[in-house]
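An overview of the molecular structure
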Amino acid sequence: SVYAATKKSTELLAHVYAHIYRIAFTGMRFFTVYGPYTRPDMAAYLFAKAIMEERSIKVFNYGHQDRDFTYIADTVQAITALLNLPMPKQTALHRVVNIGNEHPIQLLQFIECLQNNIGKKAILEFLPSQPGDVNHTFANTTQLYQLTGFKPSTTLAEGVQHLVAWCKQYPHL
């Protein structure tokens, strides 16, 4: 996908800078972060808002995609743990660490969890895949755990409950 290519090119640029200028970098790959204070253009917020307002949700690839939904508090804890590490030294000045939940969830399961917390049924508009869509994302967080001892622990049910409560608290957003 174009999205993935832009991320990879940024990582490559950081690698080159680390090599040429001896600047240490730790890149962080985030996997489908959701929760309170989420960006309003992200699917979790858009879906929650649409269900609350009884508007339809466009579900691409007929809902046959998985995402590694990662709750925001887990993401922040992972970032904090990585920031507290010493920077990479000598030959390996650049590293990229996945920040994810390691448990891909089917998009329709995520929508079902939203429905259960909102108390309304989603109006689903099933569509084919868009060009460049990725069907499955999955974070291998072995390196995150090896470096920091941290593993995300927020369940989907817990995270969605917090997201929905926040959406209900700020319906004007």
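My aim in this report is to walk through the structure given alongside it, one point at a time. (Residues numbered from 1 in each chain as written. Predicted model: local features only at pLDDT ≥ 70, side-chain atom pairs only at ≥ 80, totals over all residues. Heavy atoms only, no water.)

Turning our eyes to something else, we now look at the environment of L127. Of note, L127 is situated in the loop between β8 (123–126) and α5 (142–148). Considering only alpha carbons, one finds L127 and R29, 98 residues apart in sequence, at a separation of 28 Å. (Helix = DSSP H or I, 4+ residues; strand = E, 2+ residues; numbered from the N terminus.)

Applying the stated rule across the entire model yields six salt bridges. Note that E53 is salt-bridged to K49, the shortest N-O span being 3.4 Å. Residue class for E53 comes out partly exposed when judged on its relative accessible area of 42%. For the salt bridge of K120 with E54, the shortest nitrogen-to-oxygen distance reads 3.4 Å. Here the residue K120 occupies a position in the loop between α4 (107–118) and β8, and E54 occupies one in the loop between α2 (43–52) and β3 (56–59), the gap between them amounting to 66 residues. We classify K120 as partly exposed; its relative accessible area is 32%. Here E54 falls in the exposed class, since its relative accessible area comes to 53%. Taken together, the salt bridges that share partners define one network made up of K49, E53 and R55. (Salt bridge = Lys/Arg side-chain N within 4 Å of Asp/Glu carboxyl O. Buried < 20%, exposed > 50% of the residue type's maximum accessible area, 1.4 Å probe, protein only.)

What follows covers the packing of α4 against helix α6 (residues 156–169). Close contact between α4 and α6 brings their axes to 9 Å; oriented N to C, the two are set at 55°. It follows that α4 is oblique to α6 by the angle criterion. Once α4 is placed against α6, the crossing between them reads as right-handed. Here F110, C113, L114, N117 and I118 of α4 come into contact with α6, specifically with L156, A157, V160, Q161, L163, V164 and K168. Of the residues contributing to the contact of α4 with α6, the split by class is nine nonpolar, two polar and one charged. (Axes fitted to C-alpha atoms, helices over the stretch in contact; angles between N-to-C directions. Parallel < 35°, antiparallel > 145°, perpendicular 65-115°, else oblique. Left-handed = near helix turned anticlockwise from the far one by under 90°. Contact = heavy atoms within 4.5 Å. Nonpolar A, V, L, I, M, F, W, Y, C, P; charged D, E, K, R; others polar.)

Moving on: the packing of aromatic side chains. Enumeration according to the criterion identifies nine aromatic pairs in this entry. Relative to F110, the ring of F69 lies with its centre 4.1 Å away and its plane at 5°, an arrangement referred to as stacked. Of this pair, F69 sits in the loop between β4 (66–67) and β5 (70–71) while F110 sits in helix α4; the two residues are 41 residues apart in sequence, bridging distant segments of the chain. Given the relative accessible area of 1%, F110 is considered buried. Between K151 and the ring centre of Y145, over which it is positioned, the NZ or CZ distance is 5.5 Å. (Phe/Tyr/Trp six-rings, centres within 6.5 Å; stacked < 30°, edge-to-face > 60°. Lys NZ or Arg CZ within 6 Å of the ring centre and 35° of its normal.)

Mapped onto the secondary structure, N61 falls in the loop between β3 and β4. Its relative accessible area of 16% is what places N61 among the buried residues. A distance of 2.9 Å separates the side chain of N61 from the side chain of N135, its partner in a polar contact. If we ignore the near neighbours within four places in the chain, the residues touching N61 are L127, P128, S129 and N135. (Polar contact = N/O pair within 3.5 Å; in protein donor to acceptor, adjacent residues only side chain to side chain.)

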